[in-house]
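Coordinate analysis (summary)
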Amino acid sequence: MIYLDNNATTRIDTEVLEAMLPYLEEDYGNASSIQHKMGRKTHLAVEESRATIAKYLKVDPKEIYFTSGSTEAITTVIQGIYDRYRSKGNHIITCATEHKAVLANCEAVEKKGAKITYIPVNQEGELDLEALEKAINKETILVCLMSANNETGILHPIRDIAILCQEKGVLFFCDATQSIGKHSIDLASLPIDLLCFSAHKFHGPKGIGVLYVRRKSRPIQIEPLIIGGKQENGLRGGTYNTASIVGAAKAITCISDDTQEKVQKLRDYFEQRILNSIEDCSILSYRAERLNNTSNIFFKYVSSAELMVSLPDVACSSGSACMTATHAPSSVLKAMHLSVEEGRCCVRFSFSKYNSKEEVDMLIPQIENAVCQIRASSPIWKMYKEGLIH
Ligand code: PLP
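For every chain, the first residue of the written sequence is number 1, and numbering continues from 1 onward in sequence order. The predicted origin of the model limits local features to residues at a pLDDT of at least 70 and limits the giving and counting of side-chain atom pairs to 80 or more, whereas totals for whole chains, interfaces and linings rest on all residues. To obtain the side-chain values, all non-hydrogen atoms of the structure were used and water was disregarded.

Concerning the nonpolar core
To define a nonpolar core, start from buried Ala, Val, Leu, Ile, Met, Phe, Trp, Tyr and Cys residues and group those joined through side-chain atoms within 4.5 Å. Relative accessibility under 20% of the residue-type maximum defines a buried residue, over 50% an exposed one, and the middle range a partly exposed one, all with a 1.4 Å probe and only protein chains included. Judged by nonpolar contacts, the single largest core of 62 residues is most densely connected at Ile53, Val143, Phe172 and Ile192. Only DSSP runs of H or I with at least four residues qualify as helices, and only runs of E with at least two residues qualify as strands; both kinds are numbered from the N terminus onward. The leading source of residues in this core is helix 7 (residues 242-253), at seven residues. Excluding its chain neighbours within four sequence positions, the residues that come into contact with Phe172 are Val143, Leu145, Ile158, Ile161, Ala162, Cys165, Ile192, Asp193 and Leu194. Ranked by size, the runner-up nonpolar core spans 27 residues in total, among them Ala73, Ile116, Leu171 and Leu211. Contacts are residue-level and defined by heavy atoms, with any inter-residue pair within 4.5 Å sufficient.

Right, dumping it as structure tokens:
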């Protein structure tokens, strides 16, 4: 199997797994049971992990909260901010190309009375910053925009957005799920108020995530989503998932700029080979600033479903993993002005440090053959080649 679905999830690093194992076997004490030695040991492991993550982001450990992943963090922020700030204003700004977790939560608060503005993007998926500036009004309580798109890899101008929100006095929440581990971030110099990510996107374990909440002179108020025990300063009840927390921190320490460079070279090599060997295909957001590992390719008149069936030993994706079950056309591609039909002809290949040039060399002829075969039996492709349609 050639695994090129790293934006969906990644293989766990061996060092990460090794760091976690003791907390699943002998060191299983509850991290809140600090009355005894076993609890104190795991409590220390949780706090050391928090400090490691805070150091990576250049923030205070008190600003780091553990969650089960980005979906929970996104739900906590959108619902929890709306519930606390609705008397101040009821307007939230986001973008149609955000992850389903953001869109679904915006729809949920809309039912409670929130007004949601979706900032448009152009054909490359680039955000209209002027439209964002115009959309902010005195009712706006939250701007919610991702750093990198999971389907195309396009990077939003996070610095400009953060500065704009700071100037306008509006909270800015950044879903950094796809960029952590692939694109550096420095929260000491970026005025982002809230940020989240999931460890499984950068070779950590699944089911663990981080929510960063900036400590301000006037604290950011969030109504907790999960209530129960007073863990995480009352923001998130429930017994600490010590092994996964330790794993998330270990995965952060394994991030390196060198491997990112290697991933980018491999992705670029793959794209050049695809463009040179297959006619009528193009790369989405090619001219925009993109993540170094992502390649979403449009193969004219080749259905992504058919292509993926023809590549049984390749793990790639036609859209976001969480939407695969619905068979709905991608809302991201729709927002980028692709027709439903065009959207159905796009396949995402996402690389990681575990991929190799040998894999790409094996893969290119497989894709080439599959595309040729699908087109050879396609009446639409024939009509296109005869100049009857575009
Ligand atoms: N946000 C983005 C941009 C994502 O890519 C994902 C996962 O694919 C999520 C949020 C949700 O992450 P999780 O499924 O780990 O909760």
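Quick look at the environment of Ala135
Structurally, the position occupied by Ala135 is in helix 5 (residues 129-135). Residue classification places Ala135 among the buried positions, given a relative accessible area of 15%. Sequence separation between Ala135 and Thr117 is 18 residues; the distance between their C-alpha atoms is 7.3 Å. Discounting residues that sit within four places of it in the chain, Ala135 has contacts with His91, Ile93, Thr117, Ile119 and Thr140.

Describing the site of the ligand
When at least one non-hydrogen atom of a residue lies within 4 Å of a molecule or strand, that residue is treated as near it. The local shell around the ligand holds 13 residues, among which Thr71, Asp175, Gln178, Ser198 and Lys201 are the closest. Here Thr71 contributes a side-chain N or O atom positioned 2.7 Å from an oxygen atom of the ligand. Within the side chain of Gln178, a nitrogen or oxygen atom sits 2.8 Å from an oxygen atom of the ligand. In these tables, accessible area is a Shrake-Rupley quantity obtained with a 1.4 Å probe, and a residue counts as shielded only by the protein chains included in the view. Here the ligand, which alone exposes 400 Å², has 84% of that area covered by the protein. Examining the composition of the shell around the ligand, we find that three residues originate from one element, helix 3 (residues 70-85), more than from any other. Polar contacts here mean pairs of N or O atoms no more than 3.5 Å apart (in protein, one a potential hydrogen donor and the other a potential acceptor; neighbouring residues in sequence count only if both atoms are side-chain atoms).

Digging into a negative patch on the surface
A grouping of Asp128, Glu130, Glu133 and Glu167 is seen on the molecular surface, where their side chains present a negatively charged patch. Along the chain, the position of Glu130 falls in helix 5. Patch members must show over 30% relative accessible area and no salt bridge, and they are joined within 9 Å when carrying like charges or within 5 Å when they are nonpolar side chains of Val, Leu, Ile, Met, Phe, Trp or Tyr. Salt bridge, as used here: a side-chain nitrogen of Lys or Arg that lies within 4 Å of a carboxyl oxygen of Asp or Glu. Asp and Glu are treated as the negative residues and Lys and Arg as the positive ones, with His and the ends of the chain left uncounted. Charge positions come from single atoms, namely NZ of Lys, CZ of Arg, CG of Asp or CD of Glu.

Overview of empty space enclosed by the protein
With a 1 Å grid laid over protein atoms only, a set of points is called a cavity when a 1.4 Å probe fits there but cannot get out and a pocket when it is open yet has protein on both sides within 12 Å along at least five of seven lines; lining residues have an atom within 4 Å of a point. Grid points are joined across faces, edges and corners, and a volume is the space filled by probe spheres set on the points. Applying the stated criterion across every chain yields a total of three cavities of 30 Å³ or more. Of the voids in this model, the largest cavity is the one considered here, and its volume is about 180 Å³. Lining of the largest cavity is provided by 19 residues; of these, Gly181, Lys182, Phe202, His203 and Gln260 occupy positions nearest its centre. Among the elements that line the lining of the largest cavity, the one with the most residues is helix 8 (residues 257-277), at three residues. Here the lining of the largest cavity is composed, by residue class, of seven nonpolar, nine polar and three charged. In this count, Pro and Cys sit with the nonpolar residues alongside Ala, Val, Leu, Ile, Met, Phe, Trp and Tyr, while Asp, Glu, Lys and Arg are called charged and the others, Gly among them, polar.

So, the sheet that holds strand 4 (residues 115-119)
Here a strand pair is declared whenever DSSP counts at least two bridges between the two strands. The seven strands lie next to each other as 2-8-7-6-5-3-4, forming an open sheet whose pairing is mixed. Across the chains shown, the open sheet's two edge strands, defined by having one partner strand only, are strand 2 (64-67) and strand 4. Strand-to-strand twist across the sheet, computed as the mean angle between neighbouring axes with direction ignored, equals 20°. Relative to strand 6 (residues 171-175), strand 5 (residues 140-146) runs parallel, the two sharing five bridges. Angles shown run from 0 to 180 degrees and are taken between the N-to-C directions of axes, each axis being a line fitted to C-alpha atoms and, for helices, limited to the stretch in contact.

Some details on the sheet that holds strand 9 (residues 281-283)
Taken together, the three strands give an open sheet; going across it, the order is 9-10-12, and neighbouring strands pair in antiparallel fashion. Single-partner strands in this sheet number two, and they are strand 9 and strand 12 (346-350). The average angle at which neighbouring strand axes cross in this sheet is 25°, direction not considered. Strands strand 9, strand 10 (294-299) and strand 12 of the sheet are contacted by helix 8, whose axis makes an angle of about 10° with strand 10.

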